[in-house]
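What the coordinates show
Here are the chains, one letter per residue:
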Amino acid sequence: MSRPGNRRPECHKIDWHLPAISSSASAHSMNRDLFVLTYGALVAQLCKDYEKDEDVNNYLDKMGYGIGIRLVEDFLARSCVKKCHSYSEIADLIAQVAFKMYLGITPSVTRNESSRNEFSLILDKNPLVEFVEELPAGRSSLCYCNLLCGVIRGALEMIHLTADVTFLQDRLKGDKVTEIGITFLKKLEEKKCRRKK
């Protein structure tokens, strides 16, 4: 069977991103549970593949970064947010809109009073660890949810902000809360395109 010459072959593109909240609560719960279980299986496989926790942490961060640079377009299109004018507004937007939209939670934001560019997101509930009671044996320096740091870092970079995003506290490691630290480093310079003459 011949294909018409002017017709392009269909390309199937897989867009990997965190599941968004759907209009039906049961569909959202099913999507979230599937994502959480799949994420747990991914971390378990990475622990088998890599001996060092640092390698697993780096892989999760890198994977999250890739998700973040793709997710930001979806976020901007769906959230209809206006331009932020301060780091404080950006931190609030991440906590109150982005986390709510993609994970169904709203972390609280704390600010470092001595610095205008350091913030913490305090997660009362972390859906990624819903089915996890403790870290695997011998994996005390594993940052189980390091994917989230990569997602935040990647999304911020796509809006021309560099940031250092790390877990400061983690309930899986015995801390009282789960805390993600965000330090805005500098605004990236937008590269101007110049035509060659």
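Fair warning: this is a prediction, and the values are worked out from it, not measured in the lab.

Some points on the packing of aromatic side chains
Considering all chains together, one arrives at five aromatic pairs under this definition. Measuring from ring centre to ring centre gives 6.0 Å for F119 and F184, while their planes differ by 75 degrees; the resulting arrangement is edge-to-face. Here F119 is found in strand β2 (residues 118–123), whereas its partner F184 is found in strand β4 (residues 178–187), with 65 residues between them in sequence. Here F119 falls in the buried class, since its relative accessible area comes to 5%. Through pairs of rings, three or more aromatic residues link up here, namely F35, Y39 and Y144.

A short note on the nonpolar core
Counting 45 residues, the largest nonpolar core has F99, L121, Y144, I152, L156, I180 and I182 as its most contacted members. Tallying contributions element by element places helix α3 (residues 87–103) first for this core, with ten residues. What Y144 contacts, discounting residues up to four positions off in sequence, is Y39, G40, V43, L60, L128, V129, V132, L135 and L172.

Re the state of the cysteines
What is meant by a disulfide is a covalent connection between two cysteines, made through their sulfur atoms. For the structure on display, the rule yields zero disulfides. You can see C149 has no disulfide; the closest cysteine sulfur is in C143, sitting 7.1 Å from it.

Thoughts on the packing of helix α2 (residues 53–79) against helix α4 (residues 146–158)
The contact between α2 and α4 brings their axes to 6 Å, and the two run at 40 degrees. Overall, the two elements α2 and α4 adopt an arrangement that is oblique. α2 and α4 meet at a crossing whose hand is right-handed. From α2, N57, L60, D61, M63, G64, Y65, I67, G68, I69, L71 and V72 reach across to α4, where they touch N146, L147, C149, G150, V151, R153, G154, A155, E157 and M158.

Comments concerning unusual backbone geometry
Positive phi, close to 55 degrees, is recorded for C80, a residue that is not glycine. The topology assignment puts C80 in the loop between α2 and α3. Relative accessible area serves as the criterion here: at 63%, C80 is assigned to the exposed category. Phi angles above zero are rare outside glycine, and H160 is one such case at about 65 degrees. Structurally, H160 can be placed in the loop between α4 and β3 (161–169). Since its relative accessible area comes to 29%, H160 is described here as partly exposed.

Things to note about α3
Along α3, the sharpest change in direction is near 35 degrees and occurs at I94. Within α3, the full set of buried residues consists of I90, A91, L93, I94, A95, A98, F99, M101, Y102 and L103. Phi for G104, located one or two positions after α3, is positive at around 75 degrees.

Thoughts on the side chain of S115
Looking at the element boundaries, S115 is found in the loop between β1 (108–111) and β2. S115 sits in the buried class, given a relative accessible area of 17%. Engagement of the side chain of S115 in a polar contact is seen with the side chain of N117, the distance being 2.3 Å.

Cut-offs applied
- Residues numbered from 1 in each chain as written.
- Predicted model: local features only at pLDDT ≥ 70, side-chain atom pairs only at ≥ 80, totals over all residues.
- Heavy atoms only, no water.
- Phe/Tyr/Trp six-rings, centres within 6.5 Å; stacked < 30°, edge-to-face > 60°.
- Helix = DSSP H or I, 4+ residues; strand = E, 2+ residues; numbered from the N terminus.
- Buried < 20%, exposed > 50% of the residue type's maximum accessible area, 1.4 Å probe, protein only.
- Core = buried A, V, L, I, M, F, W, Y, C linked by side-chain atoms within 4.5 Å.
- Contact = heavy atoms within 4.5 Å.
- Disulfide = S-S within 2.5 Å.
- Axes fitted to C-alpha atoms, helices over the stretch in contact; angles between N-to-C directions.
- Parallel < 35°, antiparallel > 145°, perpendicular 65-115°, else oblique.
- Left-handed = near helix turned anticlockwise from the far one by under 90°.
- Bend = angle between axes of the 7 residues up to and from the residue.
- Polar contact = N/O pair within 3.5 Å; in protein donor to acceptor, adjacent residues only side chain to side chain.

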